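# Fold and geometry: a report
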Amino acid sequence: MTMKQNILAIAALLFATQTNAADDKLYRDLGGTENIARFVHTATEDWVKDPVIGYTFDNLNLERFEKRLVDQICELAGGPCKYTGRNMYLSHKGLHLSETEFYRLCEGLQTAMENAHVSFGAQNRLLVMLAPMKRDVVGR
């Protein structure tokens, strides 16, 4: 390698390291995979019991659901996980969820994050990332 190639390689490595450190800030602020799994589990338990949205979890493999939701949140937040589930449109097709049900789900997630000691700012940053999914969830 020439000196110029070495410098470019080092610069690329430094940039990648800095980008990854910045990219996983939300992941770290959510408390990492363990805390994400904790608040997803709590939220799922509450959603299943909820009189408004509980029916949407009937006949659902809750263990697989939780794993996929953890992976999805972890990946969105810049963590090391990879989401391998279906896209949101296909996942919710035929459910005909209303905006009220969508917002009830979001409220449950926010309450679970609060109980898992996720800061209000981190909660909002995650919800901002999830919000565009509404168009693929509601009314499908």
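Our subject is the structure listed above.
Residues numbered from 1 in each chain as written. Predicted model: local features only at pLDDT ≥ 70, side-chain atom pairs only at ≥ 80, totals over all residues. Heavy atoms only, no water.

A separate point is the overall build of the protein. The secondary structure content of the protein amounts to eight helices and zero strands. Starting at the N terminus and walking to the C terminus, you meet the elements of the protein as α-α-α-α-α-α-α-α. Burial analysis of the protein (140 residues in total) assigns 33% to the buried set. Excluding contacts between residues fewer than 6 apart, the proportion of contacts in the protein whose partners are at least 24 apart in sequence is 69%. For the protein, the accessible surface area stands at approximately 8900 Å², while carbon and sulfur atoms represent 58% of it. (Helix = DSSP H or I, 4+ residues; strand = E, 2+ residues; numbered from the N terminus. Buried < 20%, exposed > 50% of the residue type's maximum accessible area, 1.4 Å probe, protein only. Contact = heavy atoms within 4.5 Å. Areas by Shrake-Rupley, 256 points an atom, 1.4 Å probe, with all protein chains shown as cover.)

Moving on, we get to the packing of aromatic side chains. Enumeration according to the criterion identifies four aromatic pairs in this entry. Here the aromatic rings of F57 and F65 are separated by 5.4 Å at their centres, their planes lie at 80 degrees, and the arrangement is edge-to-face. Owing to a relative accessible area of 8%, F57 belongs among the buried residues under this scheme. For the pair F102 and Y103, a centre-to-centre distance of 5.6 Å together with 75 degrees between the ring planes defines the contact as edge-to-face. Through successive ring pairs, a cluster of aromatic residues spans W47, F57 and F65. (Phe/Tyr/Trp six-rings, centres within 6.5 Å; stacked < 30°, edge-to-face > 60°.)

The next thing to look at is the pattern of salt bridges. For the structure on display, the rule yields seven salt bridges. Two residues, D24 and R28, come together in a salt bridge whose shortest N-O distance is 2.9 Å. For R125, the salt bridge identified is with D29, shortest N-O distance 2.5 Å. Of the two residues, R125 sits in helix α7 (residues 120–130) while D29 sits in helix α2 (residues 25–29), which places them 96 residues apart along the sequence. On the accessibility criterion, R125 (34% relative accessible area) is partly exposed. Residues joined by salt bridges that share partners form a network here, namely K25, D29 and R125. (Salt bridge = Lys/Arg side-chain N within 4 Å of Asp/Glu carboxyl O.)

Let us look at helix α6 (residues 99–115). For α6, spanning 17 residues, the distance from its first C-alpha to its last is 24 Å, which sits close to the expected 24 Å at 1.5 Å a residue. Of the residues making up α6, those classed as buried are E101, F102, C106, G108, L109, A112 and M113. All buried residues of α6 lie within an arc of 155 degrees about the axis, which places them on one face of the element. Every exposed residue of α6 that faces more than 90 degrees away from the buried side is listed here: T100 and E114. Looking at the buried positions of α6, the neighbouring elements they touch are α3 (32–49), α7 and α8 (134–137). Directly after α6, the chain includes H117, whose backbone phi takes a positive value near 65 degrees. (Expected span 1.5 Å × (residues − 1). Arc of directions from axis to C-beta.)

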